[in-house]
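This is what each chain is made of:
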Amino acid sequence: MRTPFRKTAGKVALWILTFVLMVIMCVPGLWVVLTAFRPNAEVLAKPPVWIPEDPGLTNFAKIFGFAADQVAIPVPSYFANSLIIALTSTAIALLIGMSGGYAFARYRFRFKNGIFLGLMLSRTVPGIALSLPVFIIWSKLGLIDTKPGLIIVYVALNVPFTIWLIDGFFRQIPKEMSEAAQVDGCTRWQAFWKIEFPLAKSGIASAGIFAFLTSWNEYALASNLTRSTDSKTLPVGLMDFTAQFTIDWAGMSAMAVIIIIPALILTFLVQKHLIAGLTFGGVKG
Amino acid sequence: MQTKRPPFWQREKYTPYLLLLPAILTILFVVLLPLIFSFYTSFTGYRLIRPESLWQWVGLRNYERIFGDDDFWAAFVRTIVFLTIALNLEFLLGLGIALLINKITWGQRTLRTIMMFPMMFSPILVGYQFKFVFNDNIGILNNALESLGLSDGAIPWLVDTYLANFAIIFAEVWMSTSVFAILLLAGLFAMPRDPIEAAKVDGCNAWQVFRHITLPFLMPFVFIAMTIRSLDVARAYDIVDVMTGGGPAGRTELLWTLIARTGYDNARMGQANAMGYISIILSIAFTYYFFTKLIASRRYMGGAD
Amino acid sequence: MTTRTLKTLLAATALTGIAAGAVSAEDVDYGNFDGYTLRVKLIGGAQYEPLYARISEWEEMTGATVDVLSRKNHFELDREIKQDIAAGTLDWCVGSNHTSFAPQYGTIYTDLNGLIGEATLAEFQELALQNSTVDGRLVQLPRHSDISNLFYKKSLYADEDNKAAFKAEYGYDLAPPETFDQFKDQAIFFADAPSFYGTQYVGKDEAITGRFYEMLVANGGQLFDENWEPTFNSEAGVEAVQWFKDLYDAQAVPAGVLNYLWDDTGLGFASGTVAMNLDWAGWASFFNDPANSKVAGDIGLVRAPKGSGGLRSGWSGSHSFSITEGCDNKDAAASFVTFLTNHDSQMIEATAGLLPTRAKVWDDAKAKFAADGNDFLVEVFDTYAQSMAEDAFTPPLIAPWIEVSNEIWPRLQSAILGEMTAQEALDEAADAARIVMEDAGYL
């Protein structure tokens, strides 16, 4: 009887230890969440107020314009923009990534390695170096301050990594399975959707979550390519809390919570696929 | 009867190119085209507020100025040091976290979600967050240290040379360790149990198992993580720009903050783009290094083509 | 979710009661622009937005619609306008501007002389219009002005122990400082780091360049000579830098001060942990509001101190509105900016403590404060009126000002941190500034 008990106790201890460590790691982020529910005066107080004396939803009320002294931040439209832009660009990046990843996994062709490396290296260009030339070209094409303008950029940002993950994934699936289906009368196209796509789902899901998080949180390019509520995303909206003279840190934290929650929920939902996806996608290139 | 030759887009030989076409077109349009434009401007005296200066060819003057500029080289070296320290710390911490979580059997999904919590934070938000954490007067860190009696003065976290660089590295590591942890955890999951069991039977201790079996197996994942991270390290720009803006007195100046100030505040786009090119070469070098390591370790694993 | 919603939101927060209590609208015909959509880019932020609630009034009056393309803080807006110049997308009519930024933009903004009636312009303060003029063109209509004066914690100066101790140590009576030397003495006297500081200053960007510049002038120096040759590495300049450094070394200012901008200094003073604060008028009502500030009711105010040249520091500037040269309906734009700077509009801004640019609003605002029993704001307006009249000067109104500033401030930081001497730092900055001026065609 002793040994199983010991084992369980050990497990519990390990779990608690890990949990505590994780929480410590999260403290700087949790502090933001806590700040969201406190008045600004308390946040900036010295000596510090550790335990909120007056927690409440005032900051959120202000953001949505329920408080008299502040113009509402157009969060609903920022939120809608962010959601549309992040989801659409993720979906397109996945389609392009599947198509490209399939090509790398299933075919031999000239310049294969060169094209692969070229796609990867395109991601090394820092956003700040890209922002102005993209801005000038976009303005000639009328893409400034439009959702498609930002979506195209995010697709390009996410395609390299998506191709990489999905490529690795398709390689895991034996060629023979798709060939067998083709012998049974499927076209290659049908074989792909019926056989290979379902098997690669986790890889696609994990590529998807990475792409979504990148688009959802991107700031440097969005701040240059958006102008108004037609296209401004949530991270750009954070800057609405900075004025010439003041930073409304409590308000910004409340906005941060609004940004974080959807991402957190989505991540939790695809957890299972995420790990599985990275596992197979990565090992063998 | 001879079948008609199918049109070229249906020929097997061209299929991979067709499949890759959307990806290549997107990258050409969003990355390469702008790069060609900015490459051209790096040879001009282009200033944002004078559009006609786009045609003012100055040859290599921008590059000459940069190469002779001590501030630029200081930022260049600082960027390399910043990247090296940050990436290695992220790797070590990420490995520790992954090993720990891998041992957990119950409630792991919750812990994994908590582990990924920092990934939900936009870089710009991370910047503001740590600007307030490290604030010398009302910052949570100094307040905590004072409350605990560990320090009796306001520590100038964002001013002192070492502390300010520590602070920006801390913020960067906080934001990105999760990426390492999740990728390494995936690696641990993929690991076959047999070699470990066999080693244990042979009397290896935990450290030996880790050193000779687990770690080599993980190496491809490490390099994947390194490659992915070195691809988008420039995200750190948002953080540093908000926390210190490269200051004080240029003590935390990285290439990216220098480029942004030269290009936008001073409106010298030509010169900024010349710096941009040098920074791109730097990221390519980092990425290429990890990529070749990745290929090599894959070969070692016997998993390559 | 574009103009209409924004309008409603703005209208919802209208400061009721102010417009009603003020003098009736002036006899200006704002015209009829039925069906026209005016595209504007405005500065955003809590201090600036109450005014925008009036936009819907103008729309009703003229039949036009206002499309607010962006509302950003000034540095973001500056970047955006530069991008618009670069891309040739100046397809909007009205933009927020500032006297320090305006010279950079060249000729994108139209000359308002002639576009806006002489009678209207005559109601503005002479100096404010003068500072809004670049190369003989009135490129902006000033909305409100800014200058700094010295806020201090009154109770500290009333305390008998403080008085006695100060007299014993420095040999003169403790009273709010008249010179920068006294300012320094008292800051060091009151400081008790890390729980209490004598004063603080902004430590980076154009902010510290501006502070350095006004002390340079107060000490009898100048940034450039008449040929645009940098001359700030003079004795007056070194003295100014030394002032910052001495306070830093004595820990009379917070250690993180080199990262401070206006929000940090303002919030610092409001937290009650700082004795004196040289700051803008826009903070006055914030400092005296018990909900935000621990020093509410305990604030004194004196004019900015004098430098060794006998002048007071008076770095000043105005927020303003400009109309683009390419605007497709300049009359509508002129009507719009006139409306946003008219008497009633400026009364709204003055109530928050912002300094009006119309002479009459100064008196009317003061009368209103007196009627409301707000003695503090009366005192604020009295003090600031005096400094606006006697001390105010702007940075050189030249295109490369921001660029010159970017060469100066990192070196000021180096000197304050002791990485080089004040003279070395200024010499180096002057050399770099000379190159900027050469490139810009001034030398």
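Residues numbered from 1 in each chain as written. Chains lettered and ligands numbered in written order. Predicted model: local features only at pLDDT ≥ 70, side-chain atom pairs only at ≥ 80, totals over all residues.

Chain B goes by ABC transporter permease subunit in an unreviewed UniProt entry, where it is assigned to Kangsaoukella pontilimi. For chain B, the Subcellular location (unreviewed entry) comment in UniProt is given as "Cell membrane". According to the UniProt record, the Sequence similarities (unreviewed entry) comment for chain B is "Belongs to the binding-protein-dependent transport system permease family." (UniProt positions renumbered as here; feature names shortened; annotations may be inferred.)

As named in an unreviewed UniProt entry, chain A is ABC transporter permease subunit, taken from Kangsaoukella pontilimi. According to UniProt, the comment filed for chain A under the heading Sequence similarities (unreviewed entry) is "Belongs to the binding-protein-dependent transport system permease family."

Asks: I keep staring at the overall build of chain B and nothing clicks. Help me out?
Replies: From N to C terminus, chain B includes 12 helices and 0 strands. Its helices and strands taken in sequence order, chain B reads α-α-α-α-α-α-α-α-α-α-α-α from the N to the C terminus. Taking 305 residues into account, the globule formula puts the C-alpha radius of gyration at 19 Å, and chain B, at 24 Å, lies well above it. Across its three principal directions, the C-alpha atoms of chain B cover 95 × 75 × 30 Å. For chain B, buried positions account for 51% of its 305 residues. (Helix = DSSP H or I, 4+ residues; strand = E, 2+ residues; numbered from the N terminus. Rg over C-alpha atoms; globule rule 2.2 N^0.38 Å. Buried ≥ 20, exposed ≤ 12 C-beta atoms within 10 Å, placed from the backbone.)

Asks: What exactly am I supposed to notice about the interface of chain A and chain B here?
Replies: Frequently, the measure chosen for interface size is the accessible area removed from exposure when the parts meet. With 69 residues of chain A at the interface, the matching set in chain B holds 79 residues. Of all elements in the fold, only α1 (2–36), α4 (75–106), α5 (112–121), α6 (127–141), α7 (147–172), α10 (201–217) and α13 (249–283) of chain A reach the threshold of two or more residues within the side of chain A that touches chain B. Considering each element in turn, the side of chain A that touches chain B owes the most residues, 15 residues, to α13 of chain A. Considering only residue class, the side of chain A that touches chain B consists of 52 nonpolar, 13 polar and 4 charged. (Contact = placed C-beta atoms within 7 Å. Nonpolar A, V, L, I, M, F, W, Y, C, P; charged D, E, K, R; others polar.)

Asks: Would you mind showing me how to read the UniProt feature "transmembrane region" (unreviewed entry) in chain B here?
Replies: Residue and element names in this part refer to chain B. When the UniProt feature table is mapped onto this chain numbering, "transmembrane region" (unreviewed entry) sits at residues 20–40, 72–101, 113–130, 166–189, 209–228 and 274–291. Summarising residues 166–189: 100% helix, 0% strand, and an end-to-end C-alpha distance of 33 Å. For residues 274–291, helix accounts for 100% and strand for 0%, while the C-alpha atoms at its two ends are 26 Å apart.

Asks: In this structure, what is going on with the pairing of strand β1 (residues 37–43) of chain C? I would like to understand it.
Replies: The side chains of a regular strand alternate, first on one face of the sheet and then on the other. Residues and elements named next belong to chain C. For β1, the tally of buried residues reaches 5 of 7 residues, placing the bulk of the element in the interior. Two elements, β1 and strand β2 (residues 65–72), share 7 bridges in a ladder whose sense is parallel. Bridging from a neighbouring strand, I43 pairs with K72 of β2. Two strands pair when backbone bridges link them, and β1 and strand β3 (residues 94–98) are joined in this way by 2 bridges, in the parallel orientation. (Pairing = 2+ DSSP bridges.)

Asks: Explanation requested: the environment of H212 of chain B in the structure shown.
Replies: All names here are of chain B. Its place among the elements puts H212 in helix α9 (residues 206–231). Judged by C-beta crowding, with 13 C-beta atoms within 10 Å, H212 ranks as partly exposed. Separated by 16 residues in sequence, H212 and I196 have C-alpha atoms that sit 9.7 Å apart.

Asks: Got a minute to help me understand the UniProt feature "domain: ABC transmembrane type-1" (unreviewed entry) in chain B in this structure?
Replies: Using the residue numbers shown here, the UniProt feature "domain: ABC transmembrane type-1" (unreviewed entry) corresponds to residues 76–290 of chain B. The span residues 76–290 of chain B shows a helical share of 74% and a strand share of 0%, and its end C-alpha atoms are spaced 20 Å apart.

Asks: Please clarify how helix α8 (residues 160–170) of chain C should be interpreted in this entry.
Replies: An α-helix turns once every 3.6 residues. As a result, residues three or four positions apart point the same way. Here α8 of chain C lies mainly on the outside; 1 of its 11 residues are buried. G171 of chain C sits one or two positions beyond α8 of chain C and adopts a positive phi of about 80°.

Asks: Just checking my understanding: could you explain the packing of α7 of chain A against α10 of chain A for this structure?
Replies: All names here are of chain A. It is the contact of α7 with α10, at a shortest axis distance of 9 Å, that shows an interaxial angle of 160°. Viewed along their axes, α7 and α10 adopt a mutual orientation that is roughly antiparallel. Like other packed secondary-structure pairs, α7 and α10 cross with a definite hand, here right-handed. The segment α7 lies against α10, with Y154, L157, N158, F161, T162, L165, I166 and F169 engaging G203, I204, S206, A207, F210, A211, T214 and S215. By residue class, the composition of the contact of α7 with α10 is 10 nonpolar, 6 polar and no charged. (Axes fitted to C-alpha atoms, helices over the stretch in contact; angles between N-to-C directions. Parallel < 35°, antiparallel > 145°, perpendicular 65-115°, else oblique. Left-handed = near helix turned anticlockwise from the far one by under 90°.)

Asks: What's the story with the confidence of the model for chain B in this structure? I'm lost.
Replies: As a general rule, the predicted coordinates of low-pLDDT regions are not to be interpreted in detail. For chain B, the mean per-residue pLDDT works out to 84, and 95% of the residues sit at or above 70. Under the prediction, the complex receives an ipTM of 0.87, its pTM being 0.84. (pLDDT = per-residue confidence, 0-100.)

Asks: Just to check I follow, could you spell out the UniProt feature "transmembrane region" (unreviewed entry) in chain A for this structure?
Replies: Residue and element names in this part refer to chain A. Taking the UniProt record as the reference, the feature "transmembrane region" (unreviewed entry) is found at residues 12–34, 83–104, 116–138, 150–170 and 249–270. Along residues 83–104 the backbone is 100% helical and 0% strand, and the end-to-end C-alpha distance reaches 31 Å. Strand forms 0% of residues 249–270 and helix 100%; the C-alpha atoms that close the span are 32 Å apart.

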